[in-house]
Amino acid sequence: MLIGEFRHNLDPKGRITIPSKFREDLTVFVMTKGLDNCLFLYPKDQWEKIENKLKELPMTNKAVRSFVRTFFSGAIDCTLDKQGRVLITENLREYASLEDKCVIIGLSNRAEIWSEENWNLYNEEEALSYEELAEKMSELGI
């Protein structure tokens with residue numbers, strides 16, 4: 001299971017070390033543009049589930065076409081090197097504003113890579129109090 005928050009730096013070649021705790025689940029994975037200007041990392045089995053769901057959506061819907069284009073065009077197959085690093089392509093680094101300091105978070109079935117600055121801004125701007133979030137989740141039956 002992918003859980004936790006870890007801070008790592010990009011090296012000069014654009015590689016980042018994946019936390020050792022995540023490496024078993026992310027030996028082979030797909031990286032793509034995420035929401036909120038972060039990157040999504042999906043273990044291969046989770047990627048296949050999402051891919052199958054997206055294939056079923058109606059391509060006659062403009063929003064579906066736009067989302068699928070963005071989601072798949074930014075996707076790359078990834079494997080870790082011997083040091084547990086992965087190369088983040090230039091277009092994905094630009095999309096997520098990754099320059100140096102990064103935050104990698106686990107969200108159960110996927111991980112996300114954020115620039116440290118964007119992560120801090122997200123937590124300041126978007127985060128409701130934990131109690132408010134819990135209340136909203138209870139409205140969804142969780």
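Thresholds applied
Residues numbered from 1 in each chain as written. Predicted model: local features only at pLDDT ≥ 70, side-chain atom pairs only at ≥ 80, totals over all residues. Heavy atoms only, no water. UniProt positions renumbered as here; feature names shortened; annotations may be inferred. Salt bridge = Lys/Arg side-chain N within 4 Å of Asp/Glu carboxyl O. Helix = DSSP H or I, 4+ residues; strand = E, 2+ residues; numbered from the N terminus. Buried < 20%, exposed > 50% of the residue type's maximum accessible area, 1.4 Å probe, protein only. Patch = residues over 30% accessible without salt bridge, like charges linked within 9 Å, V, L, I, M, F, W, Y side chains within 5 Å. Areas by Shrake-Rupley, 256 points an atom, 1.4 Å probe, with all protein chains shown as cover.

By the naming in an unreviewed UniProt entry, the protein goes by Transcriptional regulator MraZ and is assigned to Peptoniphilus ovalis. Word for word, the UniProt comment on the protein under Sequence similarities (unreviewed entry) is "Belongs to the MraZ family."

Below, the discussion takes up the pattern of salt bridges. Per the counting criterion, the structure on display carries six salt bridges. Lys44 is the partner of Asp77 in a salt bridge, and the nearest nitrogen-oxygen pair spans 2.7 Å. Note that Asp77 is positioned in strand S5 (residues 76-79) and Lys44 in helix H1 (residues 44-55), a separation of 33 residues in sequence. On the accessibility criterion, Asp77 (61% relative accessible area) is exposed. Counted as one network, the salt bridges with shared partners bring together Glu5, Arg7 and Glu116.

On to a nonpolar patch on the surface. The grouping of Met137, Leu140 and Ile142 at the surface amounts to a nonpolar patch, some 350 Å² of accessible area in total. Positionally, Ile142 belongs in the segment after helix H5 (130-139).

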